[in-house]
Structures are given as structure tokens and as C-alpha cells.
Amino acid sequence: TATSAIHVQKLFRQTVDVVFCFDGDEAGRRAAWHALEVCLPVLVDGKAVRFLFLPQEDDPDTYVRANGAENFETLVAEARPLSEFLLSYLRGDVVGGRVVDMETAEGRSRLISEAKPLLKRVAAPALQLQILKQLGDAVGMTQAEISQLTDIRSTSTLESRRITPQ
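Definitions and limits used
- Each chain has its residues counted from 1, running along the sequence as written.
- This being a predicted model, a pLDDT of at least 70 is required before a residue's local features are given, and a value of 80 or more before pairs of side-chain atoms are given or counted; all residues contribute to the totals for chains, interfaces and linings.
- Computation of side-chain values: all heavy atoms of the structure, hydrogens and water removed.
- Each helix is a run of DSSP H or I of at least 4 residues and each strand a run of E of at least 2, with the numbering of both proceeding from the N terminus.
- Whether two residues are in contact is decided by their heavy atoms: any pair within 4.5 Å suffices.
- Between Lys or Arg on one side and Asp or Glu on the other, a salt bridge is scored when a side-chain nitrogen of the former is within 4 Å of a carboxyl oxygen of the latter.
- Per-residue accessibility, obtained with a 1.4 Å probe over protein chains only, is compared with the maximum for each type, and a residue is labelled buried under 20%, exposed over 50%, and partly exposed between these values.
- Should DSSP find at least two bridges between two strands, the strands are regarded as paired.
- A fitted line through C-alpha atoms serves as each axis, taken over the contacting stretch for helices, and the angle formed by two N-to-C directions is quoted from 0 to 180°.

K.L.:
Explain the side chain of threonine 3 here, please?
P.N.:
Within the element layout of this structure, threonine 3 appears in the segment before helix H1 (5-14). Non-local contacts of threonine 3, meaning those with residues more than four positions away in its chain, are made with Val8, Phe20, His34, Ala35 and Val38.

K.L.:
What am I meant to see in the pattern of salt bridges here?
P.N.:
As a working rule, side chains carrying opposite charge can pair if their charged atoms are close by. Counted under the stated rule, the structure contains six salt bridges. The shortest N-O distance in the salt bridge between aspartate 61 and arginine 65 comes to 2.9 Å. In this pair, aspartate 61 and arginine 65 both sit in helix H3 (residues 60-67), four residues apart, roughly one turn of the helix. Owing to a relative accessible area of 68%, arginine 65 belongs among the exposed residues under this scheme.

K.L.:
Explanation requested: the sheet that holds strand E2 (residues 48-53) in the structure shown.
P.N.:
The strands that make up a sheet pair up through hydrogen bonds in the backbone, lying either parallel or antiparallel. Ordered in space as E1-E2-E3, the three strands form an open sheet in which the pairing is mixed. The open sheet terminates on both sides in strands that have one partner only, identified here as strand E1 (17-22) and strand E3 (80-81). As defined by bridge partners, E1 adjoins E2 across six bridges and the pair is classed as parallel. Each residue of the ladder has a partner; that of phenylalanine 20, found in E2, is phenylalanine 51. Across the face of the sheet, helix H4 (residues 69-77) comes into contact with E1 and E2 while running at roughly 130° to E2.

Spelled out as C-alpha cells, the structure:
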């Protein structure tokens with residue numbers, strides 16, 4: 001819960017891959033969601049944020065003591081990318097997430113509505129476009145339709161509107 005944008009920016013100066021590790025309980029999921037929200041406006045294309053959730057009874061120290069550093073490093077390598085965690089949380093696939101009925105038009109519409117303010121905060125344009133495409137796939141719409149509904153213009157749309165000097 002103490003994660004800030006300044007922390008993430010400092011981490012990105014040191015590495016291209018930041019892995020947040022949280023307890024697998026409800027408090028850990030809430031802390032992970034907070035970290036995700038903090039990351040969105042400071043994301044940079046070419047850098048990655050991933051999320052690792054340990055079993056509910058473990059924190060990183062107890063996990064490493066009980067299972068060894070190699071097993072922990074294996075878990076780190078399998079951490080979920082930010083884009084996957086974001087959409088899973090919004091669908092309700094993640095404990096603490098908002099449950100969305102993906103079988104109904106209303107549920108899929110709700111997913112788009114809940115994703116919109118988050119997508120608008122994604123600072124990395126290529127990542128934002130990729131998440132838009134994933135959201136479109138999840139709700140059965142094209143990336144262009146999702147872009148229009150979320151008021152996010154894709155790079156190709158911006159390029160086609162650019163005025164060339166005469």
C-alpha cells in the first residue's frame with residue numbers, strides 16, 4: 001500500500017522488469033491493485049510490471065525459508081504481466097476483483113466501462129494499444145470499436161489525421 005509512482009520510476013531507472021510480490025490473501029490483492037493503479041501513469045514501453053501472488057500463509061521470507069530460493073525464483077519467472085492482472089481483476093477472475101458476467105452484453109459493457117478510466121491512465125502507448133486489443137478480444141469487439149468507446153485514439157488514427165506541410 002506504500003507503493004508510489006516515484007518508487008516505480010526509480011525502479012525503472014534500475015531495471016526493465018519490476019515484479020511486485022504479494023501475499024495471496026485479500027489484503028495482498030488490494031495492495032497489488034493499488035500498485036497497478038500507481039504504475040499506470042508511469043509505465044514506459046519496453047519496460048514491464050508483473051505481479052506474483054504467494055500462497056495465503058506465506059510472505060516472501062517464509063516462502064523462501066520453507067521452499068528455497070530456486071523455487072521462489074521459479075515463481076518470479078511465472079509472475080503475471082500487468083495487462084493480464086488488470087483484465088483478470090476487472091472480470092472478477094481474481095479474488096477481490098469486480099465480478100463481471102462475461103456471458104451477457106451488460107456484463108461485457110460493464111467491463112469496458114470499468115476498464116476505460118484505467119486505460120486512459122496508461123502512459124505507454126504501445127502497451128495501451130495491446131491492452132485495448134486484449135479488451136476487444138475479451139468482449140468480442142474490434143480494437144477500433146474499443147478505442148472509440150474508451151475515447152482512446154490509436155497511433156494509426158493519429159497518424160491518419162496528421163496534417164502534412166505543403
